[in-house]
Protein chains: 2
Amino acid sequence: MKIGFIGFGALNSTLASKIKKHQLMTSSEERSIKTIKAIEVSNIEIIDSFESLSKNSDLLIVSTSPASSIAISQKYGKLCKGIYLDLNNISPKTSIEVSNNVNNFVDAAIIGSIENNPILYLSGKNAFKLKFLNQFIPVKIISDKIGDASRLKLLRSIYTKNLSLVLIEAFDVAKEYGLENELLDTIAITEGEKFKAKAISRINNTKKNSKRKTEELFEIIEYFNESDLEVTKSSYDKLKKLI
Amino acid sequence: MKIGFIGFGALNSTLASKIKKHQLMTSSEERSIKTIKAIEVSNIEIIDSFESLSKNSDLLIVSTSPASSIAISQKYGKLCKGIYLDLNNISPKTSIEVSNNVNNFVDAAIIGSIENNPILYLSGKNAFKLKFLNQFIPVKIISDKIGDASRLKLLRSIYTKNLSLVLIEAFDVAKEYGLENELLDTIAITEGEKFKAKAISRINNTKKNSKRKTEELFEIIEYFNESDLEVTKSSYDKLKKLI
């Protein structure tokens, strides 16, 4: 199968390094020097333009940035007669919009970090055609509905983002009594020995990226606006104050 | 050492079965038939009255019910010249009140369930005298301040109770899309394989005991009323609706 990559950052380049026995291609058209170097090192085929890459791919894998998803689908979507897989972290709404711009869309969500053996969740009528990727990265097909994979990622975020705010709240109160270390120790008794390091990294990561995470929480609340999200809303309020 | 037990429910009877090489005693005074049977099976010494038990104990371990802590300390506290250890799940305020009724108080919190190797957290000036218990149950002495051990348990509850409400919120939204199982699966990718069963048990347990848990959350909010607990407050509001 001819597999074309649009975007060659951490995700796509790691993916390319995992996929064997297929013809892998990308383009260096208007790419940064850094990206071109990454492409050269990877030993995959370099095509003149993304236009001809799109035309020649049985599977087009897009991982650029969420903000560029729609524009890229408008530019290259109809050129690709094969499957169009968008790995950007986009909302279910954007997924549906992208799917309207392309021929054979598959909705996707990467869960877990790319360094740590993540799982590729897929949904949509064409998802079953990508089962073969399971040889290279764990693949789970959840439904034939476009939007389900990206919805699942948002749902997961309800848990992870709220958890970080709960940790911050408990940690900050404990600090007032000088018991913050003991607090993490006592939670680790039931949550496992890795809990402590993970909790500290979650707290720091959330505080450091509070602006971006506030935006992401806003997107969640907006998307699920008919659901009961009262804890999530107070997490959002709390996080906004940390910016 | 002469160790007297007031109360012989799951906690004290398990503790009695773990402690070796010391003289263990309790009283069957006004006890239920069930408790008397448990005492007889345990093979520990039976004293006529709790009064004489208290007078003769170098260490008095009280595990009855949180509501009875103060009354018991008033009745037997001054009779015991040894150490008075209250294992009831009481608030830091109650701990201080109990400590005023007894001679040598040690503040305590059992973290983890008694069946699963819990840890005994201790605080107070006399806590170091109970280090020897570490041969029988893991003991951690956190400070010489009465109230710290029970405060730590409340702080831990901020985390565990909020976590349950976060799980309920994410799970209920996922259910609207038929993705609740997939949600738990995706979280388990980073939280470990035991996550799923634990999450389901937390959700069910919280829903089943919503009344008691609402009262416990209220106590936390009241106790830490000068701290920023906005996420906890919305968890409380959400939980109240589940009663």
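The structure under discussion appears in the preceding block.
Calculation notes
- Residues numbered from 1 in each chain as written.
- Chains lettered and ligands numbered in written order.
- Predicted model: local features only at pLDDT ≥ 70, side-chain atom pairs only at ≥ 80, totals over all residues.
- Heavy atoms only, no water.
- Least-squares fit on C-alpha atoms with pLDDT ≥ 70 in both.
- Contact = heavy atoms within 4.5 Å.
- Salt bridge = Lys/Arg side-chain N within 4 Å of Asp/Glu carboxyl O.
- Helix = DSSP H or I, 4+ residues; strand = E, 2+ residues; numbered from the N terminus.
- Buried < 20%, exposed > 50% of the residue type's maximum accessible area, 1.4 Å probe, protein only.
- Pairing = 2+ DSSP bridges.
- Axes fitted to C-alpha atoms, helices over the stretch in contact; angles between N-to-C directions.
- Buried area = accessible area lost by both parts, 1.4 Å probe.
- Polar contact = N/O pair within 3.5 Å; in protein donor to acceptor, adjacent residues only side chain to side chain.
- Nonpolar A, V, L, I, M, F, W, Y, C, P; charged D, E, K, R; others polar.
- Right-handed = clockwise from strand over helix to strand, strands pointing away.

Draft legend 1. Fine view of the relation of the copies chain A and chain B. Each copy superposes on the other: chain A lies on chain B with an RMSD of 0.0 Å after a rotation of 180° and an axial shift of 0.0 Å. Such values leave the two copies arranged in the relation of a two-fold axis. Most of the interface of chain A is mirrored in chain B, where 100% of its interface residues again form contacts.

Draft legend 2. How the structure looks around the pattern of salt bridges. Following the criterion strictly, the structure yields 24 salt bridges over all chains and no others. In this structure, K211 of chain A engages E215 of chain A in a salt bridge whose closest nitrogen and oxygen atoms are separated by 2.9 Å. One end of the pair is K211 of chain A and the other is E215 of chain A, both in helix α9 (residues 210–223) and 4 residues apart, which spans about a single turn. Under the relative-accessibility criterion, K211 of chain A is labelled exposed at 51%. K238 of chain B is the partner of D228 of chain A in a salt bridge, and the nearest nitrogen-oxygen pair spans 3.4 Å. Within this pair, whereas D228 of chain A is found in the loop between α9 and α10 (230–241), its partner K238 of chain B is found in helix α10 (residues 230–241), the two belonging to separate chains. With relative accessibility at 41%, the residue D228 of chain A sits in the partly exposed group. For K238 of chain B, a relative accessible area of 6% translates into the label buried.

Draft legend 3. Focus on the sheet that holds strand β7 (residues 119–123) of chain B. The 8 strands lie next to each other as β3-β2-β1-β4-β5-β6-β7-β8 (chain B), forming an open sheet whose pairing is mixed. Across the chains shown, the open sheet's two edge strands, defined by having one partner strand only, are β3 (45–47) and β8 (139–143) of chain B. The average undirected angle you get between the axes of adjacent strands in this sheet is 30°. Against the sheet, helix α7 (residues 180–191) of chain A touches β6 (104–111), β7 and β8 of chain B, its axis set at about 160° to β7 of chain B.

Draft legend 4. Just the interface of chain A and chain B, in detail. Opposite the 47 residues of chain A that make contact, chain B presents 47 residues. Summed over both sides, the interface between chain A and chain B buries roughly 4400 Å², with carbon and sulfur atoms accounting for 63% of that surface. Contact with chain B buries surface across chain A, with Y159, E169 and V231 of chain A losing the most and accounting together for 15% of the total. On the surface where chain A and chain B come into contact, there are 8 salt bridges. In this structure, the salt-bridge partner of R202 of chain B is E191 of chain A, at a minimum N-O distance of 3.0 Å. For the interface between chain A and chain B, the tally reads 25 residue pairs in polar contact (both at pLDDT 80 or more). Elements supplying a minimum of two residues to the side of chain A that touches chain B: β7 (119–123), α6 (148–176), α7, α8 (195–208) and α10 of chain A. When residues in the side of chain A that touches chain B are grouped by element, the largest group, 17 residues, is from α6 of chain A. Grouping the amino acids of the side of chain A that touches chain B by side-chain chemistry returns 25 nonpolar, 7 polar and 15 charged.

Draft legend 5. The arrangement of the sheet that holds strand β6 (residues 104–111) of chain A in detail. Residues and elements named next belong to chain A. In spatial order, the strands read β3-β2-β1-β4-β5-β6-β7-β8; together these 8 strands make up an open sheet with mixed pairing. Since the sheet does not close on itself, it has two edges, and those belong to β3 (45–47) and β8 (139–143), each with one partner. Neighbour-to-neighbour, the strand axes of this sheet turn through a mean angle of 30°, independent of strand direction. Strand direction decides the pairing type here: strand β1 (residues 2–6) and strand β2 (residues 23–27), joined by 4 bridges, are parallel. Across the sheet, the residue bridging to G4 is M25, located in β2.

Draft legend 6. Representation of the pairing of β6 of chain B in the model. All names here are of chain B. By the criterion of burial, β6 is predominantly enclosed, with 7 of the 8 residues buried. Crossover handedness for the path strand β5 (residues 83–86) to helix α5 (residues 92–101) to β6: right-handed. For β6 and β7, the ladder comprises 5 bridges, and the chain directions are antiparallel. Bridge assignment links I110 to a residue of β7, and that residue is L120.

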